[in-house]
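Notes for the structure review
Residues per chain are reported as follows:
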Amino acid sequence: MEFLKKILKKKISQKYRWIKNQEKSPTKLYTYSLLFAVILITALYLKPLLSSGWYADETSASLSLYVAKMNDVSLLEKIKGDLMGGGKVPGRFFPLAGYAFILFTIVPNVVTYKSIVLCLILFSIFLFYHFVKRISGNQHLALLTCAIMPAFFQFRFFYDPILYGSALMPVTLSLTLMSLILLDIFLETDKWRFLLLSAIIYLISVLTYEITYAFILLHISIIFIRRRNLRDVLRYGILFGACLSIAVIGSMNERIKFGAQTVETYQIHFVPNKYFWTTLKQLYAAFPLSYDHSNPQQVLPQTRQYRLSHMQPPDLVVVGLFLICFFYLITKAKLNKESRKRLLIFGLLLFILPSLMIGLSGTFQYLLVFGIGYLPVYIQYFGVCLFLVSITSYISQYIRPKNVKRILVFCLAALLSTTLLVNLQNNRVIVEQINRIYWYPRNVVEVSAKNGLFNQVPINATLVMETDDGLSLDYPFFIYSLTNREIFAINSKGIVTWYQGVIKSKSIPPIGASEKYYMDKGPVFFFRYWSDSTSKGYVVISKVLDFQTDPKFMKTAVKTKSLDIFILGDLDPNSNISFNKISLDSKGNVRTKSVVTIPNADFTLLRRSKTGSVLRVPIELDFIYWIDYQSLRLNALPEPAYPNRY
């Protein structure tokens, strides 16, 4: 009988084994469902990132594949060169930073590039979840911490670690977290392969970005916390010390080699007072709403009316999802005394360590103001989040009445929700402001080139880019890539830069070359551009008979008979071209000045496409008169003032 019972029990267990598996699986499914919800909140919150274009020197970096083709360099040779020397800056040793150039080479499309950046940010949060879960022993607390993280991400009109930097900070943090997680697994299992992998990943991180030199303290801390044994700290820590030594020796060698030629931003300037204030500014920038509160560049809206009128339905979706996760997870996120201490230690280390090297830079001692932090502020966000979670948990253990605890939870939820809403609006404003300076102008010039605006320019001509919008130092090579013509950038201060790059550097103009130098070289074409969206803008180009620059009167005077204009989007029936007509005395000073307006009826349509129209505008001026090229406007699209940039 017992024998039959055993057989029957075995058969039943085999038949219904799937039930047991199903009973086990909800835990994993439940965890990853919550994790997916948390990551979805972050993805929706960072959606404005996908609307941003190339920013600052990404403008030229995004053309790296074009540069390779112009220099007859194959794709494999280009990638190899980026790996070997992509991180070379005089006096710096971060050879693996060349991955950024490889990224630009294989992903020239801006939307794809930004999507990859977003995925790398989400991956760093995924690793952060696993790290917090290991040091706290509570997966609900880890999920809660990650759900709160978006409230710390605030875009800045500066070198922002999310909008700029080829995802250097998410990559750096991910490498650090992987190394720490693997080290913790080793300390749990004593399997040496995990220690070796941890050390290799730490070595990769220190060869990617120097800020990680100080992160050896994170590794030492995790060894000490797990083993409570100085012998083990020395025994295992020496491996990470060896990895750090490789990077430090390489860095010292580079600094000795280049000496005073080391890039100024990375020269060490230790002045106690300046170091203290710069470090303090970097630390302050990691706190939620620090940029909104300081508003150092005066580009953020501060009125309640604006906040309410510009709230969008997706904002409420993000906050709604956050509140659901928050109220559910906070009831299950329990911390014991030891876990709270670990969170506090690692929170403080991630918060403080990245700022220690920033304070040594003379450039950042000058640039940073309260509310503005440099790239490592991204890592500090995670540190402050851990720090605040541990402090809040510490305070809550002393609050006994349940009603008081509930009030505290609701206040915290309201504070975080408000922070999310404010940041969502601020982030959209910042992306729009940056796009107006960097992306929209590039887009309108690129579209105008595709519409054949520059076809009239002979191969031996010189193109002079006339603009005061701050792009003149960033865009010449981009224009060269579109036109294959010699490029000069000019503004009210005179000729400010020149580009034909490393491709044909032999034709660099002599120092102090006058306007006649350019006129004698061949035909000269002036152009200027403006756009404040991807659907509005224009580019004007004209062959000039003569031109003069005068820094004193902030003008660029040209003589021309006609101009061609590309108008992005539909042609406004009320549009017209206007400019200042000026006459000059024998010394080049402005003698008379008046406004000339040429109506739409005088335009001649040359080409039309889905994206816009190319028109020709006749100019009839007496020979004694000049056009102030800076004043040239398409009146249907008034040009706004550009905000100050850092």
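Computed from a predicted model, the values in this text were never measured in an experiment. (Residues numbered from 1 in each chain as written. Predicted model: local features only at pLDDT ≥ 70, side-chain atom pairs only at ≥ 80, totals over all residues. Heavy atoms only, no water.)

Right, let's get into the packing of aromatic side chains. One pass over the structure, following the stated rule, counts 33 aromatic pairs. Consider the rings of Tyr55 and Tyr438, whose centres lie 5.3 Å apart with planes at 70°: the pair is edge-to-face. One end of the pair, Tyr55, is in the loop between helix 2 (17-45) and helix 3 (58-61); the other, Tyr438, is in helix 20 (residues 402-450), and 383 residues separate them in sequence. You'll find Tyr55 and Tyr438 in the same group, each marked buried. Taken together, Tyr55, Phe158, Tyr159, Tyr164, Phe364, Tyr374 and Tyr438 form an aromatic cluster joined through their ring pairs. Lys281 extends its terminal NZ or CZ atom over the ring of Phe370, reaching a point 6.0 Å from the ring centre. Lys581 extends its terminal NZ or CZ atom over the ring of Tyr625, reaching a point 4.4 Å from the ring centre. (Phe/Tyr/Trp six-rings, centres within 6.5 Å; stacked < 30°, edge-to-face > 60°. Helix = DSSP H or I, 4+ residues; strand = E, 2+ residues; numbered from the N terminus. Buried < 20%, exposed > 50% of the residue type's maximum accessible area, 1.4 Å probe, protein only. Lys NZ or Arg CZ within 6 Å of the ring centre and 35° of its normal.)

Between helix 7 (residues 110-136) and helix 19 (residues 377-396), whose axes approach to 12 Å, the crossing angle comes to 35°. Crossing of helix 7 over helix 19 shows right-handed handedness. Mapping the contact onto sequence places Ile121, Ser124, Ile125, Phe128 and Val132 in helix 7 and Tyr378, Phe382 and Leu386 in helix 19. Of the residues contributing to the contact of helix 7 with helix 19, the split by class is 7 nonpolar, 1 polar and no charged. (Axes fitted to C-alpha atoms, helices over the stretch in contact; angles between N-to-C directions. Left-handed = near helix turned anticlockwise from the far one by under 90°. Contact = heavy atoms within 4.5 Å. Nonpolar A, V, L, I, M, F, W, Y, C, P; charged D, E, K, R; others polar.)

Nonpolar side chains in soluble globular proteins generally cluster together in the buried interior. Counting 130 residues, the largest nonpolar core has Ile121, Phe153, Tyr378, Tyr381, Phe382 and Ile430 as its most contacted members. When sequence neighbours within four positions are dropped, the list of residues in contact with Ile121 reads Leu46, Leu49, Phe153, Ile162, Pro170 and Tyr378. In terms of nonpolar packing, the next biggest core, distinct from the first, is built from 26 residues, Tyr538, Val540, Val558 and Ile598 among them. (Core = buried A, V, L, I, M, F, W, Y, C linked by side-chain atoms within 4.5 Å.)

All right, on to the confidence of the model for the protein then. Here the protein averages 81 in pLDDT, and 84% of its residues register 70 or above. Counting interchain partners and residues more than four positions distant, the pLDDT-below-50 stretch residues 10-26 has 1 contact. When the criterion is pLDDT under 50, residues 641-646 qualifies, and its contacts beyond four places in sequence or with other chains add up to 21 contacts. (pLDDT = per-residue confidence, 0-100.)

As a further point, take the packing of helix 9 (residues 168-189) against helix 10 (residues 192-206). At a minimum axis separation of 8 Å, helix 9 and helix 10 run at an interaxial angle of 160°. Classified by the angle between their axes, helix 9 and helix 10 sit roughly antiparallel to one another. Crossing of helix 9 over helix 10 shows left-handed handedness. Mapping the contact onto sequence places Leu175, Met178, Ser179, Leu182, Leu183, Ile185, Phe186 and Thr189 in helix 9 and Trp192, Phe194, Leu195, Leu197, Ser198, Ile201, Tyr202, Ile204 and Ser205 in helix 10. Taken together, the residues of the contact of helix 9 with helix 10 sort by class into 13 nonpolar, 4 polar and no charged. (Parallel < 35°, antiparallel > 145°, perpendicular 65-115°, else oblique.)

Attention now goes to unusual backbone geometry. One non-glycine residue, Arg228, lies in positive phi territory at about 55°. The residue Arg228 is located in the loop between helix 11 (216-227) and helix 12 (230-258) in this model. If you check the backbone angles, Asn295 has positive phi at about 45° while not being a glycine. Relative to the assigned elements, Asn295 resides in the loop between helix 14 (290-294) and helix 15 (304-309). Its relative accessible area of 4% is what places Asn295 among the buried residues.

A separate point is the pattern of salt bridges. Counted under the stated rule, the structure contains 11 salt bridges. Two residues, Asp184 and Arg134, come together in a salt bridge whose shortest N-O distance is 2.7 Å. Remark: Arg134 occurs in helix 7 and Asp184 occurs in helix 9; sequence separation between them is 50 residues. Across the pair Asp190 and Arg227 runs a salt bridge, and its minimum N-O distance is 2.8 Å. In this pair, Asp190 sits in the loop between helix 9 and helix 10 while Arg227 sits in helix 11, placing the two residues 37 residues apart along the sequence. Residue classification places Arg227 among the partly exposed residues on the basis of a relative accessible area of 22%. Overlapping salt bridges, with partners in common, bring together Arg134, Asp184, Glu188 and Arg226 in one network. (Salt bridge = Lys/Arg side-chain N within 4 Å of Asp/Glu carboxyl O.)

Time to look at a nonpolar patch on the surface. A contiguous nonpolar surface patch, about 390 Å² in accessible area, is contributed by Leu96, Leu196, Leu197, Ile200 and Ile204. Here Ile204 shows up in helix 10. On the accessibility criterion, Ile204 (32% relative accessible area) is partly exposed. (Patch = residues over 30% accessible without salt bridge, like charges linked within 9 Å, V, L, I, M, F, W, Y side chains within 5 Å. Areas by Shrake-Rupley, 256 points an atom, 1.4 Å probe, with all protein chains shown as cover.)

For the rest of this paragraph, the subject is helix 16 (residues 313-330). Relative to the 26 Å expected for 18 residues at 1.5 Å per residue, helix 16 spans 26 Å between its end C-alpha atoms, a close match to the ideal helical length. Within helix 16 the residues assigned to the buried category are Asp315, Val318, Val319, Phe322, Cys325, Phe326 and Leu329. The arc enclosing the buried residues of helix 16, seen along the axis, measures out at 130°, which places them on a common side. Relative to its buried face, helix 16 has exposed residues pointing more than 90 degrees away, namely Pro313, Leu316 and Ile324. (Expected span 1.5 Å × (residues − 1). Arc of directions from axis to C-beta.)

Another aspect to go through is a positive patch on the surface. On the surface, a cluster of positive charge is made up of Lys334, Arg400, Lys402, Lys405 and Arg406. Position of Arg400 relative to the elements: it lies in the loop between helix 19 and helix 20. (Lys, Arg positive; Asp, Glu negative; His and termini not counted. Charge placed at Lys NZ, Arg CZ, Asp CG, Glu CD.)

So, on to the environment of Phe566. Assignment of secondary structure puts Phe566 in strand 7 (residues 562-568). C-alpha separation for the pair Phe566 and Gly537, spaced 29 residues apart in sequence, amounts to 8.4 Å. When neighbours within four sequence positions are excluded, Phe566 is seen to be in contact with Val444, Val447, Ser448, Asn451, Leu453, Gly537, Tyr538, Val539, Thr611, Gly612, Ser613 and Val614.

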